[in-house]
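Geometric and topological summary
Below are the chains, spelled out letter by letter.
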Amino acid sequence: DSTLLEDVKARIRDVQDFPKPGILFKDVTPVLADPHLFGRVVNAMAAPFRGRHITKVVGVEARGFLLGAPIALALHAGFAPARKPGKLPWHTVTERYALEYGDDGLQLHEDAVARGDRVLIVDDLLATGGTADATAKLVTKLGGEVVGYSVLISLDFLPGRERLGREKVCALISY
Ligand code: PRP
Ligand code: MG
């Protein structure tokens, strides 16, 4: 519903120069703090993927965990965390990706996704798409199929949406 978008936009807090100068940080914690709004957001982010036979939701560390886990429950799917290197205890697959400065990586447990799994990737925000693309590569390495991406916010002045495939990305809010 259109009022949901207005309600969420009103609760996203813009923080100037965080985590470094020149970055305008979109803080979603006020959305999560409101139980009614949080529920509506989870429902709306899950909705486009209902009936798509999602078997696994992969949430990306750290803020993707907060939305990914309840979306997995809403879709009656399992949940798997994609974590920064060195955080997962079991055998992992790793994907490195470029950041604006330097590089970073993500890992999945090798049994987090099985061949034939239909996977939804969830994060709070899509910017360059580097994080989501690395997550998709991990899923593919394990034989899963990336059905789509659900994000709360897409920064459409950056190339993330194009990079992942326009038709695969659902964003509640675009800037
Ligand atoms: C932010 C955001 C996304 C990613 C998007 O995470 O939560 O995961 O950046 O950027 P991209 O599309 O350019 O890859 P961040 O790296 O700040 O880590 P955090 O979620 O652990 O705070
Ligand atoms: Mg993140």
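Details of the structure are given in the entry above.
Residues numbered from 1 in each chain as written. Chains lettered and ligands numbered in written order. Predicted model: local features only at pLDDT ≥ 70, side-chain atom pairs only at ≥ 80, totals over all residues. Heavy atoms only, no water.

Another point: the environment of L158. In this structure, L158 sits in the loop between strand 8 (145-154) and helix 6 (160-164). In the structure, L158 is positioned 62 residues away from R96 in sequence and 20 Å away in space, judged by C-alpha atoms. Once residues within four sequence positions are removed from consideration, L158 is found in contact with A127 and T128. (Helix = DSSP H or I, 4+ residues; strand = E, 2+ residues; numbered from the N terminus. Contact = heavy atoms within 4.5 Å.)

All right, on to the packing of helix 3 (residues 35-46) against helix 4 (residues 63-74) then. Contact geometry of helix 3 with helix 4 gives a least axis separation of 9 Å together with a crossing angle of 65°. When the axis of helix 3 is compared with that of helix 4, the two are roughly perpendicular. Note that helix 3 runs across helix 4; the crossing there is right-handed. Contact residues: F38, V41, V42, M45 and A46 in helix 3; L66, L67, P70, I71 and A74 in helix 4. Partitioned by chemical class, the residues of the contact of helix 3 with helix 4 number 10 nonpolar, no polar and no charged. (Axes fitted to C-alpha atoms, helices over the stretch in contact; angles between N-to-C directions. Parallel < 35°, antiparallel > 145°, perpendicular 65-115°, else oblique. Left-handed = near helix turned anticlockwise from the far one by under 90°. Nonpolar A, V, L, I, M, F, W, Y, C, P; charged D, E, K, R; others polar.)

Let us now look at the sheet that holds strand 7 (residues 118-126). The strand order across the open sheet formed by five strands is 4-3-7-8-9, and the pairing between neighbours is parallel. Edge positions in the sheet fall to strand 4 (78-82) and strand 9 (169-174), since each has one partner strand and no second. Across this sheet, the average inter-strand angle for adjacent strands is 20°, counted without regard to direction. Relative to strand 9, strand 8 runs parallel, the two being bridged by five bridges. Of the residues in strand 9, the one forming a bridge with V151 is A171. Sitting on the sheet, helix 1 (residues 2-11) touches strand 8 and strand 9, and the angle it makes with strand 9 is about 65°. Of the strands in this sheet, strand 3 (56-60), strand 4, strand 7 and strand 8 are in contact with helix 4, which crosses strand 7 at around 140°. (Pairing = 2+ DSSP bridges.)

Attention now goes to the nonpolar core. Of all hydrophobic cores here, the largest spans 27 residues; its most connected members are V8, V41, I71, L75 and L152. Residue assignment for this core shows that the elements contributing at least two residues are helix 1, helix 3, helix 4, strand 7, strand 8 and strand 9. The element contributing the most residues to this core is helix 3, with five residues. Other than its neighbours up to four places away in sequence, L152 contacts V8, V28, V41, M45, L67, D123, D124, A171, L172 and I173. If you look at the next biggest cluster of nonpolar residues, it comprises 24 residues, including A80, A82, V113 and Y149. (Core = buried A, V, L, I, M, F, W, Y, C linked by side-chain atoms within 4.5 Å. Buried < 20%, exposed > 50% of the residue type's maximum accessible area, 1.4 Å probe, protein only.)

Closest axis-to-axis distance for the helix 1/helix 3 pair is 11 Å, and the angle between their directions is 120°. Between helix 1 and helix 3, the crossing angle belongs to the class labelled oblique. Read as a crossing pair, helix 1 and helix 3 show a hand that is left-handed. Every residue of helix 3 that contacts helix 1 at T3, L4, D7, V8 and R11 is listed here: L37, R40, V41 and A44. A per-class count over the contact of helix 1 with helix 3 returns five nonpolar, one polar and three charged.

Taken together, 13 residues surround ligand 1, and among them D123, D124, T128, G129 and T131 come closest. Between ligand 1 and A127, the relevant distance is 2.9 Å, taken from an oxygen atom to a main-chain nitrogen or oxygen of the residue. Take G129: an N or O atom from its main chain is 2.7 Å from an oxygen atom of ligand 1. Computed on the free molecule, ligand 1 has an accessible area of 500 Å², of which 74% lies beneath the protein chains in the complex. When residues of the shell around ligand 1 are traced back to their parent elements, those giving at least two are strand 7 and helix 5 (130-141). Across the shell around ligand 1, the residue classes break down as four nonpolar, four polar and five charged. (Near = heavy atom within 4 Å. Polar contact = N/O pair within 3.5 Å; in protein donor to acceptor, adjacent residues only side chain to side chain. Areas by Shrake-Rupley, 256 points an atom, 1.4 Å probe, with all protein chains shown as cover.)

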